[in-house]
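Observations on chain architecture
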Amino acid sequence: MREIKTVTVLGANGTMGAGSAAIVAAFGKAKVHMLARDVNKAKEGIEKAISSIKTDTIRPRLIPGSYDQDLEKAVSESDWVFELVAESYEVKEPINKRIAKARKPGTIVSTVSSGLSIARLAEAFDEDGKKHYYGTHFFNPPYKMILCELVTHAGNDKKVTKKLGEYLDKTLGRAVVYTNDTPAFAGNRIGFQLINEAAIKAEEYSDKGGIALIDAIMSGYTGRAMAPLDTADFVGLDVHKAIVDNLYEMTKDAAHSTFKLPGYFQKLIDKGDLGRKSGQGLYKMTKTPDGKKEKLYYDIKGDLYVPVPKFDIPFIKEANRRIGEADYIGAMNIVKEAKGLEADIARYFIARYVSYSLSLVGEVVESKEMTDLAMGTGFNWAPASAFVDFLGGPKEAISLITKAKLPVPEVLAKAKAGKPFYQLKDVLDARSLFKG
């Protein structure tokens with residue numbers, strides 16, 4: 001792989017394209033061809049790029065252009081072609097054919113995809129092109145979310161993979177997770193499994209607070225910067241649907257049934273209530289008659305929005321108090337010993353998260369450190385391996401998983417007692433992800 005001095009970004013007007021271009025220009029010091037459907041869109045992308053990193057110093061390196069007029073020329077002089085067009089084969093494959101004809105040998109070509117087959121997308125290229133074709137799944141917004149899943153396929157060259165990974169890490173400042181070409185890769189497969197199962201549970205307990213109840217139970221003390229259903233609203237229900245529908249179709253693992261989209265999600269999507277970007281979805285912000293902001297949640301059975309109640313759940317208060325004292329093991333002991341429905345739900349989801357995250361070792365990633373890095377830097381969730389230690393070690397984690405009637409991952413079953421299970425050295429301390 002040669003030095004990356006010139007880059008072409010396709011889809012440069014989107015939030016992700018503009019943000020990624022800014023990273024390449026700022027940290028990589030590369031000249032970046034910013035291509036969109038037309039030049040004016042590309043110029044909008046340049047402004048978004050500059051805004052995303054809050055500095056105008058990159059402006060001279062950003063060159064606007066259009067697909068029709070500038071693609072072939074830009075690609076022919078690029079060392080990396082970074083494609084971020086719409087998430088579908090129908091859009092990406094024709095673009096790849098044009099790139100394949102214009103690229104020079106040794107040029108890296110990569111796609112941002114949440115789960116399309118990298119091997120299929122690589123079919124547009126010759127042998128050299130296949131060797132240099134990757135998935136580079138940046139997370140949004142790139143300046144704040146440093147995860148990059150580097151997705152490989154059978155046609156890649158391991159030496160090129162190593163050099164590209166080093167460039168993404170050392171030059172662009174990405175937390176690189178190496179994943180196999182599997183549906184939704186690592187981060188989204190783990191994250192959206194839990195989010196969608198939380199949505200299913202919300203419907204099951206719709207008469208007890210539904211969406212609001214599940215988010216209250218799965219709040220900061222469980223190691224999440226944002227509760228799961230609030231996350232779905234933030235991402236967009238249409239995006240959530242695309243990811244879980246793909247996983248439901250393409251995977252057949254022990255969690256398969258949990259990827260089925262709940263009916264009320266589809267109902268909201270059909271009405272155009274997609275979440276924050278449309279003004280309402282699972283939640284809605286409004287104002288009371290006296291002008292105060294009020295958060296409402298979607299009542300599944302009533303098909304209307306009602307105020308989020310203030311749940312009084314004693315074990316959560318105590319767990320949060322322990323976390324405030326940096327006693328994470330003590331907090332998890334509170335959760336393990338608590339009685340009642342809310343505690344049962346909390347234990348189940350902690351067990352599910354640990355079980356499913358670690359079960360992907362071997363199929364999706366080569367080591368548990370990769371899933372830990374994906375969840376810590378891509379979702380701001382405390383990694384599963386950290387939870388094993390907070391629960392008291394492998395034996396205690398296995399006990400929780402067994403009681404939840406979930407599969408015990410092989411990597412956990414083989415873990416040695418008395419040794420910290422969380423070994424990741426180069427990621428933020430998992431404890432900093434807990435928000436009491």
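Refer to the structure printed above.
For the structure given in this document, a descriptive report is provided here.

Comments concerning the packing of aromatic side chains
In the structure shown here, the tally under the stated rule is 17 aromatic pairs. Here Phe125 and Tyr133 contribute two aromatic rings whose centre-to-centre distance is 5.2 Å and whose plane-to-plane angle is 35 degrees, an arrangement assigned as tilted. An identical accessibility class is assigned to Phe125 and Tyr133; each is buried. The ring of Tyr348 has Lys201 lying over it, and the distance from NZ or CZ to the ring centre is 5.0 Å. A cation over an aromatic ring shows up here: Arg224 above the ring of Trp381, its NZ or CZ 4.3 Å from the ring centre.

Some remarks on the side chain of Ser113
By the element assignment, Ser113 lies in the loop between strand S5 (108-111) and helix H5 (118-122). Among the residues examined, Ser113 registers a relative accessible area of 2% and is labelled buried. Of the polar contacts made by the side chain of Ser113, one reaches the side chain of Glu87; its length is 3.1 Å. One polar contact links the side chain of Ser113 to the main-chain amide nitrogen of Leu116, over a distance of 2.8 Å. Setting aside chain neighbours within four positions, we find Ser113 in contact with Glu87, His137 and Phe185.

Some details on the pattern of salt bridges
For the coordinates displayed, the defined rule picks out 29 salt bridges. Between Glu318 and Arg322 there is a salt bridge, with its nearest N and O atoms 3.1 Å apart. Of this pair, Glu318 and Arg322 both sit in helix H13 (residues 314-324), separated by four residues, roughly a single helical turn. Looking at Glu318, the relative accessible area reads 23%, which means it is partly exposed. Taking relative accessible area as the criterion, Arg322 reaches 22% and is therefore assigned partly exposed.

Brief notes about the nonpolar core
Of all hydrophobic cores here, the largest spans 89 residues; its most connected members are Ile211, Tyr221, Tyr264, Leu282 and Phe315. The element best represented in this core is helix H15 (residues 341-359), accounting for 11 residues. Ile4, Ala21, Ile50 and Val176 belong to the second largest nonpolar core, which has 36 residues in total.

Side note on the side chain of Asp215
By secondary structure assignment, the location of Asp215 is in helix H9 (residues 210-217). It turns out Asp215 is buried and unbridged, and the closest side chain with the opposite charge, Lys295, is 6.1 Å from it. For Asp215, the side chain forms a polar contact with the main-chain nitrogen of Leu229, separated by 2.9 Å. The contacts of Asp215, once residues within four sequence positions are left out, are Ala227, Pro228, Leu229, Asp230 and Tyr283.

The rules behind these values
Residues numbered from 1 in each chain as written. Predicted model: local features only at pLDDT ≥ 70, side-chain atom pairs only at ≥ 80, totals over all residues. Heavy atoms only, no water. Phe/Tyr/Trp six-rings, centres within 6.5 Å; stacked < 30°, edge-to-face > 60°. Buried < 20%, exposed > 50% of the residue type's maximum accessible area, 1.4 Å probe, protein only. Lys NZ or Arg CZ within 6 Å of the ring centre and 35° of its normal. Helix = DSSP H or I, 4+ residues; strand = E, 2+ residues; numbered from the N terminus. Polar contact = N/O pair within 3.5 Å; in protein donor to acceptor, adjacent residues only side chain to side chain. Contact = heavy atoms within 4.5 Å. Salt bridge = Lys/Arg side-chain N within 4 Å of Asp/Glu carboxyl O. Core = buried A, V, L, I, M, F, W, Y, C linked by side-chain atoms within 4.5 Å. Lys, Arg positive; Asp, Glu negative; His and termini not counted.

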